[in-house]
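# Topology and contacts: notes
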Amino acid sequence: MASLPKRIIKETERLVSDPVPGITAIPHEDNLRYFEVTIEGPEQSPYENGVFGLELFLPDDYPMEAPKVRFLTKIYHPNIDRLGRICLDVLKTNWSPALQIRTVLLSVQALLASPNPNDPLANDVAEDWLQHEDAAIAKAREWTKLYATRQ
Amino acid sequence: MYVPVMTTCGHNYCYDCISNWLVSNNASELTCPQCRSPLEHPPALNATLQHLLSVVIEIGAGSDPQLGRTRAQSIAQYKNDVENNILYKDVFNNTAVAVVDDDDGVARCSNCHWEVEGDVCPHCNARMRNRTREYDEDEEEEILTDDSIQRSFSGARNSSTTVRADSISSSESEYGEDLDSDTDYVRDFNRNVGESRSRPAPFGSARDILNRINAQDRRQNSEDEDENDSDLNSFIVDEAEEDELEESSYTSSREGKSARVPVRLDDSDNSGDEDKERDSDFWEHNDEDGFASGDNLDSDGGADEDTGRKIKKRRFQVIEDSDEED
């Protein structure tokens, strides 16, 4: 494998030395472009008290190309499908090389705090969310308890 | 940063870096990475900053030979681009319009007629002034849901998607591929649906032949249902088979399997009790050279029809043979 770009090394160092509150990102031993990520559910959200596992991969073209991020923990969220894929503008069209791993993960955390059922990825969840918001939030809470409890 | 350039919005970048971004960026508009404001004019050299930086570099790194070399390279690159008038690989001037071909619905670059995906022509690097982004995954899925054939199989499709969720391995090499292959899968799906629509005939006629050849009692109804769906089911099952079968998908793909090989099911039914009847009737009509017996000629009463039947029969025989090998 080609040597790691300086930018990735710097970002990794900073993630470890100065981590974002509620977020951890640990590079994989074998592949420093692959990170094991955990994000704590934001307070006041249905995901409160949950710890969600994600994986993050920096493609070869990073930072010209957005990192690939995916939820590994099951989550009931209108913008996250059952594959764990995330519908988030900064991961797709709105990516900019000025963004970093930490800013992307912060955006993901913000997405948990403010689900957007009007631009859904998981259609069934979004429908549920729009029609019976209370029930959907209750279900999200339940799933958080079921799947995202810290071991 | 040896060749700092400043955008119209006032942000400074290294020439190499911003150039890479502007060239690789597949969006319709060139934007500043920092503030996302659209860039209509190429960033210009910031000579003051360059001077300042050179002072800083000299103080900080002194006469590091490695640094000196990269610095000379960067400056040479910039000078070369200026002289040849290809700053930023000409992305600010090189534009075209994506024209959708009425015949095949493919968007093409108006400069070179190359097929355009995204907003930059992969052939001449021209940036499309009109957006072509609509040809994305979302669009394809929309087509799928509208498709009447797809609707009847939405159950199976959904379940195979579930398999992916469970089977996507967490190793980084497969990670990207899996996500991508999901898109491919949708594309394959479209293609397969299209194909199966365009050639439903073989299955209908094959069934007729099958009924005539095996003139014994068989469970016609269930067979008919299976036959009608067999083509579509077969590829759905293939998709599911690629994944490890787990959880809910397991049942559905099993259904798919049994539906996919109706002929084989009949086979196994017959092999026990009706073996002898099959031998006399079936094998006579399925001679190795595909030659039909006299009985058949009479019953059909036409040489033309017979040739047609011969071909069809062969087709059927192939299916039988391959199934028996299993």
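As recorded in an unreviewed UniProt entry, chain B goes by the name LAME_0E02300g1_1, listed as coming from Lachancea meyersii CBS 8951.

Within an unreviewed UniProt entry, the label attached to chain A reads E2 ubiquitin-conjugating enzyme, and the organism entered is Lachancea meyersii CBS 8951. What UniProt states about chain A under its Sequence similarities (unreviewed entry) heading is, verbatim, "Belongs to the ubiquitin-conjugating enzyme family."

This part covers the overall build of chain A. Helix and strand content of chain A: 4 helices and 4 strands. The burial tally for chain A puts 50% of its 151 residues in the buried class. Split by element, the accessible area of chain A, about 7,900 Å² in all, is 49% carbon and sulfur.

The next subject is the sheet that holds strand S3 (residues 44-45) of chain B. All names here are of chain B. Pairing in this open sheet of 3 strands is antiparallel, and the strands run S2-S1-S3 from one edge to the other. A strand with exactly one partner marks an edge of an open sheet, and here the two such strands are strand S2 (12-14) and S3. Bridging between strand S1 (residues 4-6) and S2 involves 3 bridges; their strand directions are antiparallel. Residue pairing for S2: Met6 is matched across the bridge by Asn12. Helix H2 (residues 47-61) rests against S1, S2 and S3 of the sheet, and its axis sits at about 150° to S1.

What follows concerns the pairing of strand S1 (residues 23-27) of chain A. Residues and elements named next belong to chain A. Side chains of S1 alternate between two faces, with Ile23, Ala25 and Pro27 buried and Thr24 and Ile26 left unburied. Note: S1 against strand S2 (residues 34-40), 5 bridges, orientation antiparallel. The residue bridging Pro27 from the neighbouring strand is Phe35, located in S2.

So, on to the layout of surface pockets. One number sums up the size of the second largest pocket: a volume of about 1,300 Å³. Those elements giving two or more residues to the lining of the second largest pocket turn out to be helix H1 (6-17) of chain A together with S2, helix H1 (15-24) and helix H3 (65-83) of chain B. The residue inventory of the lining of the second largest pocket, partitioned by class, reads 16 nonpolar, 7 polar and 5 charged.

Take the side chain of A:Asp81 next. All names here are of chain A. Mapped onto the secondary structure, Asp81 falls in the loop between strand S4 (68-71) and helix H2 (101-113). Of the polar contacts made by the side chain of Asp81, one reaches the backbone nitrogen of Leu83; its length is 3.0 Å. Sequence-distant contacts of Asp81, that is, excluding residues within four places in its chain, are made with Leu121 and Ala122.

Residues and elements named next belong to chain A. A sheet is described by the order of its strands in space; here 4 strands give the open sequence S1-S2-S3-S4, paired in antiparallel fashion. On the outer flanks of this sheet lie S1 and S4, each paired with one strand and no other. This sheet shows a mean twist of 20° between the axes of neighbouring strands, independent of strand direction. By the bridge criterion, 7 bridges tie S2 to strand S3 (residues 51-57) in an arrangement that is antiparallel. Bridged to Tyr34 within S3 is Phe57.

Turning next to the packing of aromatic side chains. Applying the stated criterion across every chain yields a total of 8 aromatic pairs over all chains. Aromatic rings pair up to connect A:Tyr76, A:Trp129, A:Trp143 and A:Tyr147 into one cluster.

What follows covers the nonpolar core. By size, the foremost hydrophobic cluster in this structure holds 56 residues, and its most contacted members are A:Leu54, A:Phe71, A:Ile86, A:Leu105 and B:Leu22. Residue contributions to this core peak at 6 residues, all from H2(A). B:Ala98, B:Cys109, B:Val116 and B:Met128 belong to the second-largest nonpolar core, a separate cluster that totals 8 residues.

A few words on the pattern of salt bridges. Counted by the stated rule, this structure contains 9 salt bridges over all chains. One salt bridge connects A:Arg7 with A:Glu11, and the closest N-O pair in it is separated by 2.9 Å. One end of the pair is A:Arg7 and the other is A:Glu11, both in helix H1 and 4 residues apart, which spans about a single turn. Since its relative accessible area comes to 26%, A:Arg7 is described here as partly exposed. Of the charged contacts, one joins B:Arg71 and B:Glu58 as a salt bridge, the two residues approaching to 3.9 Å between their closest N and O atoms.

Glancing now at the confidence of the model for chain B. The predicted coordinates ought not to be read in detail in places where the model reports low pLDDT. All names here are of chain B. Chain-level pLDDT for chain B is 61 on average; 38% of the residues reach the 70-or-more range. Within chain B, helix H6 (residues 154-167) has the poorest average pLDDT of any element, 40, and S1 the best, 93. pLDDT under 50 marks residues 237-276. Its contacts with residues more than four places away, or in other chains, come to 60 contacts. For the stretch residues 292-296, pLDDT sits under 50, and the model shows 7 contacts to residues farther than four places along the chain or on other chains. Interface confidence for the predicted complex, expressed as ipTM, amounts to 0.78; the pTM equals 0.54.

With an omega of 10°, the peptide bond between A:Tyr62 and A:Pro63 qualifies as cis. Here A:Pro63 shows up in the loop between S3 and S4. One non-glycine residue, B:Arg36, adopts positive backbone phi at about 65°. Inspection of the secondary structure assignment puts B:Arg36 in the loop between H1 and S3.

Looking now at the side chain of A:Glu11. Exposure remark for A:Glu11: the relative accessible area of 8% places this residue in the buried category. In this structure, A:Glu11 is in contact with A:Tyr62, A:Gln100, A:Ile101 and A:Arg102, ignoring residues within four places of it in sequence.

Right, let's get into the environment of B:Gln50. Residue and element names in this part refer to chain B. Counting through the fold element by element, Gln50 comes out in helix H2. Along the chain, Gln50 and Val3 lie 47 residues apart, while their C-alpha atoms are 6.3 Å from each other. In this view, Gln50 contacts Tyr2, Val3, Pro4, Leu45 and Ile75; residues no more than four positions away in its chain are not counted.

Glancing now at the UniProt feature "active site" (unreviewed entry) in chain A. Residue and element names in this part refer to chain A. With numbering matched to this structure, UniProt assigns "active site" (unreviewed entry) to Cys87. Inspection of the secondary structure assignment puts Cys87 in the loop between S4 and H2. By relative accessible area, Cys87 is classed as partly exposed at 23%. Other than its neighbours up to four places away in sequence, Cys87 contacts Asn79, Leu111, Asp119 and Leu121.

The rules we used
- Residues numbered from 1 in each chain as written.
- Chains lettered and ligands numbered in written order.
- Predicted model: local features only at pLDDT ≥ 70, side-chain atom pairs only at ≥ 80, totals over all residues.
- Heavy atoms only, no water.
- UniProt positions renumbered as here; feature names shortened; annotations may be inferred.
- Helix = DSSP H or I, 4+ residues; strand = E, 2+ residues; numbered from the N terminus.
- Buried < 20%, exposed > 50% of the residue type's maximum accessible area, 1.4 Å probe, protein only.
- Areas by Shrake-Rupley, 256 points an atom, 1.4 Å probe, with all protein chains shown as cover.
- Pairing = 2+ DSSP bridges.
- Contact = heavy atoms within 4.5 Å.
- Axes fitted to C-alpha atoms, helices over the stretch in contact; angles between N-to-C directions.
- 1 Å grid on protein atoms, 1.4 Å probe; cavity = no way out; pocket = protein on both sides within 12 Å on 5 of 7 lines; lining within 4 Å.
- Points joined across faces, edges and corners; volume = space filled by probe spheres on them.
- Nonpolar A, V, L, I, M, F, W, Y, C, P; charged D, E, K, R; others polar.
- Polar contact = N/O pair within 3.5 Å; in protein donor to acceptor, adjacent residues only side chain to side chain.
- Phe/Tyr/Trp six-rings, centres within 6.5 Å; stacked < 30°, edge-to-face > 60°.
- Core = buried A, V, L, I, M, F, W, Y, C linked by side-chain atoms within 4.5 Å.
- Salt bridge = Lys/Arg side-chain N within 4 Å of Asp/Glu carboxyl O.
- pLDDT = per-residue confidence, 0-100.

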